[in-house]
Structures are given as structure tokens and as C-alpha cells.
Amino acid sequence: MEELPHDLWAEINRLRRENQVLRAESSTMPAQWPPIIEAAASAVVFQAAQQPTGEVRISFVSEGCREILGLDAQAITREPSQLWNLICDSDREYVKQSLLAAGADLQPWGCDFRLIAPNGTEKWVHGQARPTPSSKQGLIQWEGLLVDITDRKHSEAALQAGHEELMLLIEAVPGFLWSAELTDDNEFRFRYFSQGSVEVLGRPPAYFLDQTPAGWLAIIHEDDLPMLQIALQRVLDRASNGEEHDYRVRHPDGSIHWVRDLVKIVHHDDGRCVMYGALTNVTAQHEAADMVQHGRRELEMRVEQRTAELEASRAALQQQTQLLESVLNCMADGVLVADEGGHFSHFNPAAVRLLGSGPVSQYASTWPQQYGLYLPDQDQLYPADELPLARARRGEEVREAQIDVRNERNPDELTISVNAAPLFSQSGEIKGGVAVLRDVTAHKRFQQRLLAEEALLRKLLELQERDRKLFSYELHDGLLQHVIGAKMIVESLFEGSAGRQRDFEDRAQLVSPI
């Protein structure tokens, strides 16, 4: 084993001698310590001596050091620096300066600081000690406690965090919170006002905390003051557990604002009465309510006006409907109106007369059988899909489509001419169709007679033309033969005279065309 240097051996011997002196001085423990140690289950009782050089020797440490410091007593007394090294780095200088100040003035020492236990756990401890001078010159004896206050510090931190969070919540709440207590002389004394009073009332909390209730009532609008005085009297009479009122307040600049005050009143058994209130600015709501009220009145007037107009329109429409119904009922032409589903919505009397019966509830595909509708001059039923009203419901326009009607009520064949068109909504959608029926039976029969007479006349004209051509041919042929014979006779009579012959020829030429 390597031999230690001579100066290091000398230092070790010196420390051993001083330690023996300390043990001799502390061999007799003060009478008050045993109960303190026994009571301090979560504390460390220690006794130490501070050398004139500033070096500290610990002569006694209670067994609580295992629980709090994580070190045993022998290790601490053997190496006091272990205790010092447990102090958190950020607190070590602060603890050192407090110890030096207490030792210099021989004043009691007290300090809260953090320790980092060997297992890494952080603990808060409260150190408390009393320095007393020793019989040895310059030596100071320290007797004290290290108490574990971790739980208390955590509670204080949680309480502080809760308080800070509560303050943030209070400041975040629209408006502000306040509290007041009823004093023995039946006067209210404000205890708390949050900062929101600046925005809501135009005044800081200090203004109200320094004021009596009279100062509070001074900012209230005179029209609302009687209502609040009655509410305040109820509170003074202990007849109310809560109040809620909307009233107006006047800001320092003279502007008027609406506020809503919600008050909870707590009556304690000892006679104290405390009010807790939340006050918010509701000016916008009241202005909106006034606008709504004004709008409601204006709307009611418009509704009344519109109702009168609608009533007049309804009366006019009813009159027009009656007039139209009367016109349709008086029309000689039948009018049919069907919706998009093929159901009749109008069927005037003329249509009943022409078709032999009124509207039916069956589908449009049954109309030809129901009403006896046939193709013109045929024994074949009219195709239901080709009926003019069916085509109109598909968006087509139909003009003068002829249909023969044969049924029990119309045993004689009846021919009707139908015009049909689709009905459109305002958005352009097809909503059905309308058809107008006209009896053209007489017109058809007249046309048939006219066609027969026209055919007869055409035959007569053909016969006349043939007879004319025959007569013209016979007349022309007989005359020509007579002229030729006459010419031959004349030529023979005047054969001797050339001049006469020429004259006769000229005359003959004049006669020959005849």
C-alpha cells in the first residue's frame, strides 16, 4: 500500500483530535432533546459545531435522517459534506448565506430549501437551528431540526396554482365578480371587485372598495334606483337568498349602459350576511331586444297591411274564380283540366254533355273505354297515349285533333275537335294539361255533303266538256265540206275571166276560214 504524504497525515491527526474534543463536549445531551427527537418522526434532529475556519463537524444526527435524507447517521457524522451535497444546486448558495448570517449574529436560523435524495427524489425541508458560542474560542455550537415539508410545499404550490387559475377564470368571465358583507350597523362593505369593473362600470376596483353603498347607488340610473332600493331592503331584512336585476349605470363619461346583476346571498349562523355577485354588460342584448321589439311592431304592422292586401286579393281572386267558373259553365265548348297524375281538376258542364259523363277517378289509360272515344270514321278505340290531353301532359301542343264519341248517352256518333296544351308552373315544370272540346258533328256532316255535291258537279262538268267538244267537231266538219263545194262551183263559172277569178279567189279566201 502506498504511503500517504506527511502533510496529509498531519491533517488527519488534527481532525481526530478536534473530533475527540467535540465528542467530549456533546457527551451530555440536553434534557429537552429526547422528547424532541421522539416527537420528530418526520424530522432530523442534529447537533453540529462550526470551527473558526468555517468548517462544520456534525456530532449528532437523529435516525429520521434515513427517511428524509436517505443517509444513515454514521455516514453523515463521518462525512458532513454528504449532507451539504444533497442541497439542490440552485438553493445551496442561498442556504450558505443564511447560515453565515445567522452564525455571525448568533441569531436563530430558519430556511426552506430543496434536497435531492440519493434516489433522485426532490424534497422540501425546513431547517431551523440556534447557534450558541462554545467554551472553546471561536467555536459555535448548532442545535436544530430539518423537517420534511414536501407535502406542505406541494399543497401550497397546488393552492397557488389553483388561485392563479381561479384568477384567470375570473378575468376570463364576461363582466366582473364582487362580494360584500353586511356589517353590524346594517351597512354593506365591499370586500372584493375583479378587474372587469373597469370595462363594465368604467371604474377600477379600488373605487368601489373605498366607497360605501351610497357611492355604488350614485352611479345607477335614476329610473332604476327605486327597484334596487327595494331589493336592497329585502336583503337588509334577511328576506332574500338571491336577486337578479337588469338596470342602467352611468359611466364617468356620461354614457348609459345596461348591466345584469346576479347575486347569491349567504346567511351564516353567526348572523353575518355575505353577498356574492356577478355583473355583466348586457347593453347589446337590450339594444337588440329594443330592435327586435321595434322590428316586431313594424312586422305586425306589415303583417296587418299584408293581411288586408291578401284579404282583398283573396276576395278579388274569389270573384275572378267565380267569374271564370261562370264563364266555363256557360261555354258551349267543353274544358278539361288534368294534373300531372292524370286526375281531372276541372270538368265543365259542356264537357259532360259532349262526353256523356263527368270526371272519372280511373287512370287516363281507361278514358277511351269510359267515354267511348274512337279514331275518326273508324271502329277502333282512340289510343290512350295519343289522346290530346295525354300528349299535353307530356308537354306537346295539339291543334284540332278529331275524335268520334260513341257511348250510351250519345248513341248517335258525335265528332269533337280538341285543342290541348300543357300547364307549366312558375319554375317551368309541367303540372298537367288543359283541353278544349268543340262539337264539330254538324260541320263534319256539312263538309261531307259539300264534298259529295262537289264530286257530282265535277262529274257534270266533265260530261258538259265532252259534249261541247263533240258538237264543235261535227259543226266544223260540215261547214268545211260546203265551202269546198261552193268554191269548186264558182271556179267553174268564172273560169274565163282572170280578173274576176282573182276577185272571186279573194272573196273565197275571206269565206274559207268560216
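Just so it is clear, the model here is predicted, and its values are computed rather than measured.

**Digging into the pattern of salt bridges**
In total, this model carries 30 salt bridges according to the counting rule given. Across the pair Arg114 and Glu122 runs a salt bridge, and its minimum N-O distance is 4.0 Å. Judged by relative accessible area, which is 39%, Glu122 ranks as partly exposed. We note a salt bridge from Arg260 to Asp246, for which the minimum N-O separation is 2.8 Å. One end of the pair, Arg260, is in strand β9 (residues 256–267); the other, Asp246, is in strand β8 (residues 242–250), with 14 residues separating them in the sequence. According to the relative accessible area criterion, Arg260 is partly exposed, its value standing at 29%.

**Some thoughts on the nonpolar core**
Judged by nonpolar contacts, the single largest core of 28 residues is most densely connected at Phe344, Leu355, Trp367 and Ile416. Within the residue set of this core, elements represented by two or more residues are β11 (334–339), β12 (344–347), α13 (349–355), α14 (367–371), α15 (388–393), β14 (398–405), β15 (414–424) and β16 (430–439). Residue contacts for Phe344: discarding those within four places in its chain leaves Leu336, Val337, Ala338, Pro359, Val360, Trp367, Tyr371 and Leu389. Core analysis: the second largest hydrophobic core is formed by 25 residues, Phe46, Ile58, Leu83 and Ala102 among them.

**Considerations on the sheet that holds strand β1 (residues 43–50)**
In spatial order, the strands read β2-β1-β5-β4-β3; together these five strands make up an open sheet with antiparallel pairing. Because the sheet does not close on itself, it has two edges, and the strands there are β2 (56–61) and β3 (109–116). Between one strand axis and the next, the sheet turns by 30° as a mean value, whatever way the strands run. The strands touched by helix α7 (residues 150–172) within the sheet are β3, β4 (122–133) and β5 (140–148), with β4 carrying the most contacts at an inclination of about 120°.

**Overview of a nonpolar patch on the surface**
The grouping of Leu456, Leu457, Leu460, Leu461 and Leu463 at the surface amounts to a nonpolar patch, some 460 Å² of accessible area in total. Topologically, Leu460 is positioned in helix α16 (residues 441–493). Leu460 gets classed as partly exposed once you look at its relative accessible area, which sits at 48%.

**Some words on the side chain of His286**
Note on placement: His286 falls in helix α12 (residues 283–330). Those residues within four positions of His286 in sequence are excluded, and the remaining contacts are Asp246 and Trp258.

**Side note on empty space enclosed by the protein**
Going through the model one piece at a time under the given rule, you end up with two cavities of 30 Å³ or more. There is about 290 Å³ of room inside the largest cavity. Secondary structure elements with two or more residues in the lining of the largest cavity: β7 (188–193), α10 (213–217), α11 (225–236), β8 and β9. For the lining of the largest cavity, a count of residues per class yields 14 nonpolar, one polar and two charged. The space that makes up the second largest cavity amounts to roughly 160 Å³. If you go around the second largest cavity, you meet 14 residues; those closest to its centre are Leu336, Leu373, Leu387, Leu389 and Leu437.

**A look at the packing of aromatic side chains**
All chains considered together, the criterion is met by twelve aromatic pairs. Between Trp109 and Phe113, the ring centres sit 6.5 Å apart and the planes meet at 35°, which makes this aromatic pair tilted. Members of the aromatic cluster, connected to one another through ring pairs, are Phe176, Trp178, Phe190, Phe193, Tyr207, Phe208 and Trp216. Lying over the aromatic face of Tyr374, Arg406 brings its terminal NZ or CZ to 4.0 Å of the ring centre.

Criteria and cut-off values
- Residues numbered from 1 in each chain as written.
- Predicted model: local features only at pLDDT ≥ 70, side-chain atom pairs only at ≥ 80, totals over all residues.
- Heavy atoms only, no water.
- Salt bridge = Lys/Arg side-chain N within 4 Å of Asp/Glu carboxyl O.
- Buried < 20%, exposed > 50% of the residue type's maximum accessible area, 1.4 Å probe, protein only.
- Helix = DSSP H or I, 4+ residues; strand = E, 2+ residues; numbered from the N terminus.
- Core = buried A, V, L, I, M, F, W, Y, C linked by side-chain atoms within 4.5 Å.
- Contact = heavy atoms within 4.5 Å.
- Pairing = 2+ DSSP bridges.
- Axes fitted to C-alpha atoms, helices over the stretch in contact; angles between N-to-C directions.
- Patch = residues over 30% accessible without salt bridge, like charges linked within 9 Å, V, L, I, M, F, W, Y side chains within 5 Å.
- Areas by Shrake-Rupley, 256 points an atom, 1.4 Å probe, with all protein chains shown as cover.
- 1 Å grid on protein atoms, 1.4 Å probe; cavity = no way out; pocket = protein on both sides within 12 Å on 5 of 7 lines; lining within 4 Å.
- Points joined across faces, edges and corners; volume = space filled by probe spheres on them.
- Nonpolar A, V, L, I, M, F, W, Y, C, P; charged D, E, K, R; others polar.
- Phe/Tyr/Trp six-rings, centres within 6.5 Å; stacked < 30°, edge-to-face > 60°.
- Lys NZ or Arg CZ within 6 Å of the ring centre and 35° of its normal.

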